[in-house]
Amino acid sequence: MNTLKIGVVGLTVGNEHIKSYMNAPYDIEIFICDIDKDRLNTIGTKHQIPLENRFCDFDEMLSSVKLDAVSICVPNFLHKSFTIKALEAGAHVLCEKPMSVNATDALLMKEAADRTGKKLMINYNQRFTKNCRIAQKLISEGVLGDIYFVRTVWHRRRGVPWWYPLSEADKTCGGGPLIDLGCHVLDRALWMCGFPKPKWILANTFCAVVGEEAKQRGIDNFSVEDMGVAMLAMENGMMLELEASWASNRESELVKTRIYGTKGGLVIASDYASDNRSINSLFIEKDGILEDVSFSDFEDEDTGDIRISFIESILNDTQPVCTAEQGLTVMRILDKIYLSAKQKIPVEY
Ligand SMILES: NC(=O)c1ccc[n+]([C@@H]2O[C@H](COP(=O)([O-])OP(=O)(O)OC[C@H]3O[C@@H](n4cnc5c(N)ncnc54)[C@H](O)[C@@H]3O)[C@@H](O)[C@H]2O)c1
């Protein structure tokens, strides 16, 4: 196998991508790019990346070296243009979540991947955690029966990412916590349930807690929600409730998905309020007896690194686990959620 040349652009969360590529059991040469020269050199030095493999300009990186793949880890509003440029330069792309700032851009990205014949994977890394994998397997094996209700949430008490470009964040980020955190818990719930098709969406958004603080921080047009809630009615009759907040008056951070099926239910959660305790259980009834089964009783031999899965989809020419089509579906749902919240009425998917 030839050495895989992989570029990483945007070196905050991009640092995690570099670490995965360095630890991958494959022959990989890494190239890095960040507009912030100090960050570029700090990260470059930390990982002993040669000076000639470091770039401040993404176009220059693409024209200087024939990359096999690129990790796009820049702010959301750059996902579309950077992804399309990388695909057109002949590279496969692993793009950070959310896929883009809206479904229109996401569609252009997917079309570019289809046109160039390159892979486009979205970095929904929660699917690769042990508990999500176990939950997905139990559901796909029919252990829960038919799924009829899902509640999937990511709440923070105070956790606005103030370092994001939050002036006109509706344009730079595409929204607030619904698109930033909600996309993760929505994606993982849809994936576990086999991506049922939505029919109706009713949602609302609030900026109830941090409006004043945003002003004090000099952000006059904090144009996004600090909390959003949505109810999705699926074509198959299933209901899905999504909640996400950057700031809300509650205990502490909670990331939780609860699934109700005709034969069983399950919950996966990271509850940061109670000592970062993870509560992950299956609830079933056997011969009239109710049973709780902890996820710690289930085997899971997978290493669960999304970046390695991306590389393997390239090497084996297989479909990536988190497809562009699924990324686009999440963006279409989020667009409709924001539309319903704006119009204050249910909207058709
Ligand atoms: N999968 C996850 O769990 C996860 C976690 C955090 C962030 N993210 C996603 O990763 C993306 C980046 O988030 P972050 O928290 O790292 O943001 P950040 O603002 O901390 O970092 C972005 C980096 O991109 C660089 N950059 C900006 N414009 C650039 C340009 N034109 N050319 C080259 N570099 C440029 C910045 O200098 C910065 O180093 C976002 O889309 C976010 O949603 C995903």
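Draft legend 1. Structural detail: the overall build of the protein chain. For the protein chain, the helix and strand inventory stands at 11 helices and 15 strands. Computed over its C-alpha atoms, the radius of gyration of the protein chain comes to 21 Å, within 12% of the 20 Å expected for a compact globule of 349 residues. Across its three principal directions, the C-alpha atoms of the protein chain cover 65 × 50 × 40 Å. Burial analysis of the protein chain (349 residues in total) assigns 48% to the buried set. At a minimum sequence separation of 6, the contacts of the protein chain that also span at least 24 residues come to 70%.

Draft legend 2. Seen up close, the site of the ligand. The ligand sits among 21 residues. The nearest are Gly 10, Thr 12, Val 13, Asp 36 and Glu 96. Along the lines of polarity and charge, the residues of the shell around the ligand split into 11 nonpolar, five polar and five charged.

Draft legend 3. Layout of helix α11 (residues 324-343). In this model, α11 (20 residues) spans 28 Å end to end at C-alpha, consistent with the 28 Å of a helix rising 1.5 Å per residue. Across the 20 residues that make up α11, a large majority, 15, are buried. Looking one or two residues beyond α11, the residue adopting positive phi is Lys 344, at roughly 60°.

Draft legend 4. Broad picture of the domain arrangement of the protein chain. Assigned domains of the protein chain: these are domain 1 (4-123 + 306-318) and domain 2 (126-304). Distance between the C-alpha centres of domain 1 and domain 2: 27 Å. At the interface, 11 residues of domain 1 touch 11 residues of domain 2. The residue inventory of the side of domain 1 that touches domain 2, partitioned by class, reads six nonpolar, four polar and one charged.

Draft legend 5. View of the packing of helix α8 (residues 177-192) against α11. With their axes 11 Å apart at the nearest point, α8 and α11 run at an angle of 130° to one another. The orientation of α8 relative to α11 falls into the category oblique. Judged by the twist between their axes, the crossing of α8 over α11 is right-handed. Mapping the contact onto sequence places Leu 178, Ile 179, Cys 183, Leu 186 and Asp 187 in α8 and Val 330, Ile 333, Leu 334 and Ile 337 in α11. By residue class, the composition of the contact of α8 with α11 is eight nonpolar, no polar and one charged.

Draft legend 6. The arrangement of the pairing of strand β2 (residues 28-33) in detail. Here six bridges tie strand β1 (residues 4-9) to β2, and the two strands are oriented parallel to one another. Directly across from Lys 5, in β2, lies its bridge partner Glu 29. Once you follow β1 into helix α1 (residues 14-23) and on to β2, the crossover reads as right-handed. Relative to strand β3 (residues 54-55), β2 runs parallel, the two sharing two bridges.

Draft legend 7. How the structure looks around the environment of Leu 62. Structurally, Leu 62 can be placed in helix α3 (residues 58-64). Overall, Leu 62 belongs to the buried group, with 23 C-beta atoms counted inside 10 Å. The sequence separation of Leu 62 and Gly 7 amounts to 55 residues, and the corresponding C-alpha distance is 8.7 Å. With residues up to four places along the chain from it excluded, the contact list for Leu 62 reads Leu 67, Lys 85, Ala 86 and Ala 89.

Draft legend 8. Representation of the packing of helix α6 (residues 130-140) against α8. Relative orientation of the contacting elements α6 and α8 amounts to 30°, with a least axis distance of 9 Å. As the angle between them shows, α6 and α8 are arranged roughly parallel. For the pair α6 and α8, the contacting residues are Cys 132, Ala 135, Gln 136 and Ile 139 in the first and Arg 188, Trp 191 and Met 192 in the second. Here the contact of α6 with α8 is composed, by residue class, of five nonpolar, one polar and one charged.

Draft legend 9. A look at the pairing of β1. The pairing of β1 with strand β4 (residues 69-72) spans four bridges and is classified as parallel. Each bridged residue has a counterpart across the sheet, and for Gly 7 the counterpart in β4 is Val 70.

Draft legend 10. Quick peek at unusual backbone geometry. For the bond from Lys 97 to Pro 98, the omega torsion is -15°, close enough to zero to count as cis. Looking at the element boundaries, Pro 98 is found in the loop between β5 (92-95) and α5 (103-116). In the Ramachandran plot, Phe 195 falls in the positive-phi region, its phi being about 50° despite a non-glycine side chain. You can see Phe 195 is positioned in the loop between α8 and β8 (198-206).

Draft legend 11. Focus on the sheet that holds β2. Strand order in the open sheet formed by six strands is β3-β2-β1-β4-β5-β6, and the pairing between neighbours is parallel. The open sheet has two free edges, formed respectively by β3 and β6 (120-122), since each of these has just one partner strand.

Draft legend 12. Quick peek at α5. Across its 14 residues, α5 extends 20 Å between first and last C-alpha, which sits within 8% of the 20 Å expected from 1.5 Å per residue. Taken together, the buried residues of α5 touch α4 (79-88), β6 and α11. Phi turns positive one or two residues past the end of α5, at Gly 117, with a value near 75°.

Draft legend 13. Region of the structure containing the environment of Ser 64. Mapped onto the elements, Ser 64 comes out in helix α3. Taking the number of C-beta atoms within 10 Å as the measure of exposure, Ser 64 has 13 and is therefore partly exposed. Linking Ser 64 and Ala 324, residues 260 residues apart in sequence, is a C-alpha distance of 27 Å.

Cut-offs and rules
Residues numbered from 1 in each chain as written. Predicted model: local features only at pLDDT ≥ 70, side-chain atom pairs only at ≥ 80, totals over all residues. Helix = DSSP H or I, 4+ residues; strand = E, 2+ residues; numbered from the N terminus. Rg over C-alpha atoms; globule rule 2.2 N^0.38 Å. Buried ≥ 20, exposed ≤ 12 C-beta atoms within 10 Å, placed from the backbone. Contact = placed C-beta atoms within 7 Å. Near = placed C-beta within 6 Å. Nonpolar A, V, L, I, M, F, W, Y, C, P; charged D, E, K, R; others polar. Expected span 1.5 Å × (residues − 1). Domains from an automatic or database assignment. Axes fitted to C-alpha atoms, helices over the stretch in contact; angles between N-to-C directions. Parallel < 35°, antiparallel > 145°, perpendicular 65-115°, else oblique. Left-handed = near helix turned anticlockwise from the far one by under 90°. Pairing = 2+ DSSP bridges. Right-handed = clockwise from strand over helix to strand, strands pointing away.

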